[in-house]
Amino acid sequence: MTTPADTAPDRYAYWQNAPLSIAGSRVLVATKPGVFAHGIVDPASMMLAEQMASMGRSTSVHLNCGNGLVPAAAAVAGGSSVLWCSDRSLPSVQATERTMAANGIAGSHVVHAHGTHAFPLALAADVVTIRVSTDKLALQQLIWEAFHALRIGGKCYIAGANDEGVKPAVRLLESIFGVARLDAQHSGHRLAVATKTQIAPSSLTDGTSPYLDPDHFREVAVTLKGVEHTLFSRPGVFSWEHLDEATQLLGDLMDIRAGESVLDLGCGAGALGLTAATLSGTGRVLMVDADAEAVRCAARGMAKAELGNAEVRASDVGGAVGDETFDVVVSNPPFHQGKATDLMVPRQFIADAYAHLHVGGRLMLVANRTLPYEQVIAERFGEVRTLHDGRRFKVLGATR
Ligand code: SAH
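Below you will find a few notes about this structure.

Basis of the calculations
- Residues numbered from 1 in each chain as written.
- Predicted model: local features only at pLDDT ≥ 70, side-chain atom pairs only at ≥ 80, totals over all residues.
- Heavy atoms only, no water.
- Pairing = 2+ DSSP bridges.
- Helix = DSSP H or I, 4+ residues; strand = E, 2+ residues; numbered from the N terminus.
- Axes fitted to C-alpha atoms, helices over the stretch in contact; angles between N-to-C directions.
- Contact = heavy atoms within 4.5 Å.
- Salt bridge = Lys/Arg side-chain N within 4 Å of Asp/Glu carboxyl O.
- Buried < 20%, exposed > 50% of the residue type's maximum accessible area, 1.4 Å probe, protein only.
- Near = heavy atom within 4 Å.
- Polar contact = N/O pair within 3.5 Å; in protein donor to acceptor, adjacent residues only side chain to side chain.
- Areas by Shrake-Rupley, 256 points an atom, 1.4 Å probe, with all protein chains shown as cover.
- Core = buried A, V, L, I, M, F, W, Y, C linked by side-chain atoms within 4.5 Å.
- Parallel < 35°, antiparallel > 145°, perpendicular 65-115°, else oblique.
- Left-handed = near helix turned anticlockwise from the far one by under 90°.
- Nonpolar A, V, L, I, M, F, W, Y, C, P; charged D, E, K, R; others polar.
- Expected span 1.5 Å × (residues − 1).

Moving on to the sheet that holds strand β14 (residues 310-314). Spatially, β14-β13-β12-β15-β16-β18-β17 is the arrangement adopted by the seven strands of the open sheet, whose pairing is mixed. Single-partner strands in this sheet number two, and they are β14 and β17 (385-389). Along the sheet, successive strands turn relative to each other by an average axial angle of 15°, direction set aside. Lying on the sheet, helix α7 (residues 271-280) is in contact with β12 (262-265), β13 (285-289), β14 and β15 (326-331); it crosses β13 at an angle near 175°. On top of the sheet, helix α8 (residues 292-305) reaches β13 and β14; it is set at about 170° to β14, its chief contact.

Below is the structure:
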């Protein structure tokens, strides 16, 4: 829920346009907390952006488009006239849309998805850029789809940091395209390029992942609070290969009574929300997540469980919840240690949990025990209780 106070500079919903110079052209880049590379200039994206500036008129595809710097450079400094962009993160998609608007770029399509599966089939793109992400199978899918989106003679550029696995990514590029070349490297980042020279991709040396098919899901059997479910999961979704220990903890502690309405903030594959929907029976359960793949997985789990009382929605924290309020909010919020701004995302989870509870409604949240959430919850709710204090995780509760 965005209120006027949220648009103050220290708030989560505060959008800014940062000016950058790419090959002599000025590009505005929209950003706010929660957007990829917020508060920094990502060296890998800069490498891709500078590469795009030398392109000329083209059809370009930008996977993991982040804040939109790369497609904006393609249009403003390069001359790319048709752009297809996607990112699995909703805040990043919103940033790319704003970046396009801020630079007056028409003819761009920005899609909230992982990869190209929502794009037209025969793009015959001149160039594809991929900002490398850490999950290897999720990345393999992007490189595979990049190959198929290109025309013969088209080029795929990938860039990322050494500590994000850009070296194995270059090998992946090579295995699919046949040949790849390292184009540039500085300050721990690399840019590599491959040209599509044949219709069919080379066969992958370490086997073709079944997850190249966007409709292939991993099935994970879980039991929370005595309720059994099958979760559907995909590479890059939170804890996608097995149920997370903290999720299990909160799931077993949740006290959801029959008929209660529940909001699962940051639902991932849906473990908490699906369990809550079964426990509640008739109460409405809304599951939201910013990750497009998480949303698809949770929707699949919901369909399998035949839960008529649940709904899944893509949302930046509570941004797409509207003014609906609930009896209970459950959450295992994302956390990143390091930059101070990273705390703004979990802070917003707590703020939106409060905003979407009726008076008397309850928050139940699980976190790594070293995270300082007690104070944040107490500031909002006027109280905080420790429902469980374990060796690694704690479960915190508060009533509005
Ligand atoms: N509840 C799930 C997932 C917890 S991990 C489980 O317990 O298994 C935290 C989740 O928050 C991830 O799925 C992540 O995609 C999501 N997330 C991260 N940033 C978000 C944001 N800005 N808005 C909504 N969800 C977000």
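On inspection of all chains with the given rule, the structure shows 21 salt bridges. The partner of E245 in a salt bridge is R392, with the nearest N and O atoms 2.6 Å apart. Here R392 lies in the loop between β17 and β18 (393-399) and E245 lies in helix α6 (residues 245-253), a separation of 147 residues in the sequence. Under the relative-accessibility criterion, E245 is labelled partly exposed at 43%.

Attention now moves to the site of the ligand. Neighbouring residues of the ligand: 15 residues in total, closest T247, G266, D289, D316 and V317. One nitrogen or oxygen atom from the side chain of Y12 is found 3.2 Å from a nitrogen atom belonging to the ligand. Compared with its free state, where it exposes 570 Å², the ligand has 88% of that area covered by protein.

In this structure, L231, L250, M287 and V330 are the most contacted members of the largest nonpolar core, which totals 38 residues. Discounting chain neighbours no more than four positions away, the residues touching L231 are R218, E219, V220, V222, L243, A269, G270, A271 and L274.

Moving on, we come to the packing of helix α1 (residues 43-52) against helix α2 (residues 69-78). Closest axis-to-axis distance for the α1/α2 pair is 8 Å, and the angle between their directions is 25°. When the interaxial angle is binned, α1 and α2 end up roughly parallel. Along this stretch, α1 crosses α2, giving a crossing that reads as right-handed. Contact with α1, carried on its side by S45, M46, L48, A49 and M52, involves L69, V70, A73, A74 and G78 of α2 and no other residues of that element. When the residues that make up the contact of α1 with α2 are grouped by side-chain class, the tally is eight nonpolar, two polar and no charged.

Reading across from one edge, β5-β4-β3-β6-β7-β9-β8 is the order of the seven strands in this open sheet, with mixed pairing throughout. Edge positions in the open sheet fall to β5 (108-112) and β8 (181-186), since each of these has one partner strand only. Adjacent strand axes in the sheet meet at a mean angle of 15°, parallel and antiparallel pairs treated alike. Pairing of strand β3 (residues 58-63) with strand β6 (residues 125-131), which is carried by four bridges, proceeds in the parallel orientation. Directly across from H62, in β6, lies its bridge partner T129.

Positive phi outside glycine occurs at S187, with the angle close to 40°. Judged by its relative accessible area of 58%, S187 is exposed.

Bringing α8 into the picture now. With 14 residues, α8 extends 20 Å between its outermost C-alpha atoms, agreeing within 8% with the 20 Å of an ideal straight helix rising 1.5 Å per residue. Of the residues making up α8, those classed as buried are A292, E293, A294, V295, C297, A298, G301 and M302. Taken together, the buried residues of α8 touch β5, β11 (227-233), α7, β13 and β14. E306, located one to two residues past α8, shows a positive phi value of around 50°.

Okay, the environment of A314 next. One can find A314 in strand β14. A relative accessible area of 27% places A314 in the partly exposed class. Separated by 47 residues in sequence, A314 and C267 place their C-alpha atoms 10.0 Å apart.

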